[in-house]
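One-letter residues, chain by chain:
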Amino acid sequence: MQDFLIVGGGVIGMMTALQLADAGHSVALVERGQCGREASWAGGGIVSPLYPWRYSKAISALSSWSEGRYPELAGRLFEETGIDPEYRQKGLLYLRVDDVDRALRWARDVAKPLAMIGAEELYAREPNAAPGFDGALWMPTLGSIRNPRLIKALRARLERMAQVEIHERCEVAGLVRRGSMIEGVETSAGAIRAGQTIICGGAWSRALLADIGVELAVRPVKGQMILFKAPAGLVERVVLKDGRYVIPRGDGRVLAGSTLEEVGFDKQTTSAALESLHASALSIIPQLARCLVEQQWAGLRPGSPDGVPTIGPVPGFDGLHVNAGHYRNGLVLAPAATRLLVDQLIGCEPIVDPAPYRLT
C-alpha cells in the first residue's frame, strides 16, 4: 500500500509524484495510456498565459510563481536524466494588441518587464515578422519549453526513483470506497490502494468523480497545432498575434497554434484547422510559406470556468484530492499548482492562498 496514489500521468500528475517522492513518500502513478501523451504533450510550451493581464488573480498567483521555477526544473532534469527539456528564454513579441494600456498597467502592478517598442526594434528582434507593423508589445523574460522533452525527462526521473511505481496502460474503473473513505482505485489490472488518492486526470477527471456523486466543472476542449520544418534562425522567439502564435524550437522547427473547439472527446485533426493555422502562421512569419508542414495533431485541454483549476480535498470524502481544470495553462501553472496541493498534503505552509481553487 502506497502513501499516495495519483490518477493521471500528465505534467500535473508527474510533477506531483516527483514532489511527493522528493519529500520521502511512496507514490503509485496510474495512467490510462502512456504518461504525458495527452494534453501535456500536445501543448506549445509557452511558460505564461498568452495574455496574462486578461486573467484573474487566481491564475496570476499561480503563473507568477511557476514561471520562475522552469529554468531550475529544466536544469535539474537535464542533470539527472541527460534529457534536455530545451527551456528557452528569448522573450515574446505581441503584434496588434487592442488593450495595451491595460497590459502596461498590469505589468506595473506585478513588476513584470513589458514595454511598447517601435517598428525598428520589432524588426531588429524578429526580422522575418510580417511587414507593416508600427510596433509591438515586448515581454523579454518570457520562456518556452519543449513539451515532449519535458515529459520524457519527468518520466525518466520518476522511473529511477525507488519509491515511485508507474502503472501505464492501466484503465481506472472506479474508486475504492469504504464509507466516506477513499482507499485507492479499481483498475484493469486490479485494485491499487493508498492512504491518499489524487485525481489529476485532466479532461477525464469529471467522469471519475461523477461516479461518487461529485460534480467537477471540467470539460474537454480540443486544440489543434501544426509543425513547420523550418531552417534554424527563421524565427528566434515566440510571436503572438490575434490569439495565434508561432513558437521556435532549438532545431529550427516552428510550432503554430492553436484552435479552440468544443467537440467533446473528439481528437481527430481536420483540414479546416490545418488551413486556418497555416494562414495564421503566415500572417505572423510570411516566410513559413516556403516550409513544409511536417505534422498536425490535436489534444484535449481540461476546460474549466474562467480557466481556474480545482486544487485540494474533495468535500465529503476522506483521502481524496483533485488537481484538474487548468484549461490552456496546464504547463504554465504546473509547478505552482502541484506545489500548492503537495504543501497541503504534507502539512507545509501553502505557497498561495488555497481558497480560490477549492472544490465547493
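Residues numbered from 1 in each chain as written. Predicted model: local features only at pLDDT ≥ 70, side-chain atom pairs only at ≥ 80, totals over all residues. Heavy atoms only, no water.

## Here we look at the nonpolar core
Move 1: In terms of nonpolar packing, the biggest core is built from 48 residues, with Val11, Tyr70 and Leu150 touching the most fellow members.
Move 2: When residues of this core are traced back to their parent elements, those giving at least two are β1 (2-7), α1 (11-22), β2 (27-30), α3 (57-67), α4 (70-81), α7 (147-159) and α10 (330-346).
Move 3: With 10 residues, the single largest contributor to this core is α10.
Move 4: Apart from the residues lying within four places of it in its own chain, the contact partners of Tyr70 are Met15, Val47, Tyr87, Ile145, Leu150, Leu331, Val332, Ala334 and Pro335.
Move 5: In this structure, Val97, Ala107, Leu142 and Leu255 belong to the second largest nonpolar core, which totals 25 residues. (Core = buried A, V, L, I, M, F, W, Y, C linked by side-chain atoms within 4.5 Å. Buried < 20%, exposed > 50% of the residue type's maximum accessible area, 1.4 Å probe, protein only. Helix = DSSP H or I, 4+ residues; strand = E, 2+ residues; numbered from the N terminus. Contact = heavy atoms within 4.5 Å.)

## Some thoughts on the packing of α1 against α10
Packed helices, taken two at a time, are described by the angle between their axes plus the distance between the axes.
Move 1: One way to put it is that α1 packs onto α10 with a least axis distance of 9 Å and a crossing angle of 40°. In terms of their interaxial angle, α1 and α10 are classed as oblique. When the axes of α1 and α10 are compared, the crossing they make is right-handed. Residues Val11, Ile12, Met15, Thr16, Gln19 and Leu20 of α1 form the contact with α10, whose own contacting residues are Gly330, Leu331, Ala334, Pro335, Thr338, Arg339, Val342, Leu345 and Ile346.
Move 2: Residue composition of the contact of α1 with α10, grouped by class: 10 nonpolar, four polar and one charged. (Axes fitted to C-alpha atoms, helices over the stretch in contact; angles between N-to-C directions. Parallel < 35°, antiparallel > 145°, perpendicular 65-115°, else oblique. Left-handed = near helix turned anticlockwise from the far one by under 90°. Nonpolar A, V, L, I, M, F, W, Y, C, P; charged D, E, K, R; others polar.)

## Remarks on the environment of Ala324
Move 1: By the secondary structure assignment, Ala324 is in strand β16 (residues 320-324).
Move 2: Residue Ala324 is classed as buried on the basis of its relative accessible area, which comes to 1%.
Move 3: A sequence separation of 21 residues divides Ala324 from Gly303, and the C-alpha atoms of the two residues are 9.1 Å apart.
Move 4: Once you skip the residues sitting within four places of it in the chain, Ala324 turns out to touch Gly202, Ser205, Leu216, Val218, Pro309 and Thr310.

## Looking at the pattern of salt bridges
Move 1: Scanning the entire structure with this criterion turns up 28 salt bridges.
Move 2: In this structure, Arg54 engages Asp98 in a salt bridge whose closest nitrogen and oxygen atoms are separated by 3.5 Å. Of this pair, Arg54 sits in the loop between α2 (39-42) and α3 while Asp98 sits in the loop between β3 (92-95) and α5 (100-110), and the two are 44 residues apart along the sequence.
Move 3: Assessed through its relative accessible area of 36%, Arg54 is described here as partly exposed.
Move 4: Judged by its relative accessible area of 71%, Asp98 falls in the exposed class.
Move 5: With a closest N to O distance of 2.5 Å, Lys112 and Glu67 form a salt bridge. Separated by 45 residues along the polypeptide, Lys112 in the loop between α5 and β4 (115-118) and Glu67 in helix α3 bring together distant segments of the chain.
Move 6: Using a relative accessible area of 14% as the deciding quantity, one classes Glu67 as buried.
Move 7: When salt bridges with common partners are traced through the structure, they connect Glu86, Arg146, Arg149, Asp251, Arg253 and Glu294 into a single cluster. (Salt bridge = Lys/Arg side-chain N within 4 Å of Asp/Glu carboxyl O.)

## Digging into the sheet that holds strand β13 (residues 254-257)
Move 1: Within the open sheet, the eight strands sit side by side as β4-β5-β3-β11-β12-β13-β10-β14. Their pairing is mixed. With one partner strand each, in any of the chains shown, β4 and β14 (292-303) form the two edges of the open sheet. On average, each strand axis in the sheet is inclined to that of its neighbour by 25°, with strand direction left out of account.
Move 2: Sheet topology note: the strand β12 (residues 244-248)/β13 ladder contains four bridges and is antiparallel. By the bridge assignment for β13, Tyr245 is matched with Gly257.
Move 3: Helix-sheet contacts for α5 involve β4 and β5 (135-139), and the interaxial angle to β5 is about 20°.
Move 4: Each of β10 (219-229), β11 (238-241), β12, β13 and β14 touches helix α9 (residues 271-284); the most contacted strand, β10, lies at about 55° to it. (Pairing = 2+ DSSP bridges.)

## What to know about the side chain of Lys222
Move 1: In this fold, Lys222 is placed in strand β10.
Move 2: We classify Lys222 as buried; its relative accessible area is 1%.
Move 3: In this structure Lys222 touches Thr259, Leu260, Glu261, Val263, Asp266, Lys267, Gln268, Thr270, Ala298, Gly299, Leu300 and Arg301, once residues within four positions along its chain are discounted.

## Let's talk about unusual backbone geometry
Move 1: A cis geometry characterises the amide bond from Gly257 onward to Ser258, with omega recorded as -15°.
Move 2: Within the secondary structure, Ser258 sits in the loop between β13 and α9.
Move 3: Unlike most non-glycine residues, Glu86 shows phi in positive territory, near 55°.
Move 4: Relative to the helices and strands, Glu86 resides in the loop between α4 and β3.
Move 5: Although it is not a glycine, Asp306 sits at a positive phi angle of roughly 60°.
Move 6: Within the secondary structure, Asp306 is located in the loop between β14 and β15 (310-313).
Move 7: On the accessibility criterion, Asp306 (69% relative accessible area) is exposed.

## Focus on the pairing of β2
Successive residues of a regular strand alternate their side chains across the two faces of the sheet.
Move 1: Every second residue of β2 is oriented toward a common face, with Val27 and Leu29 on one face and Ala28 and Val30 on the other, all of them buried.
Move 2: Traced from β1 through α1 to β2, the parallel crossover comes out right-handed.
Move 3: Where β2 lies against strand β6 (residues 164-167), four bridges are found, and the strand directions are parallel. Note that in β6 the partner of Ala28 across the bridge is Glu165. (Right-handed = clockwise from strand over helix to strand, strands pointing away.)

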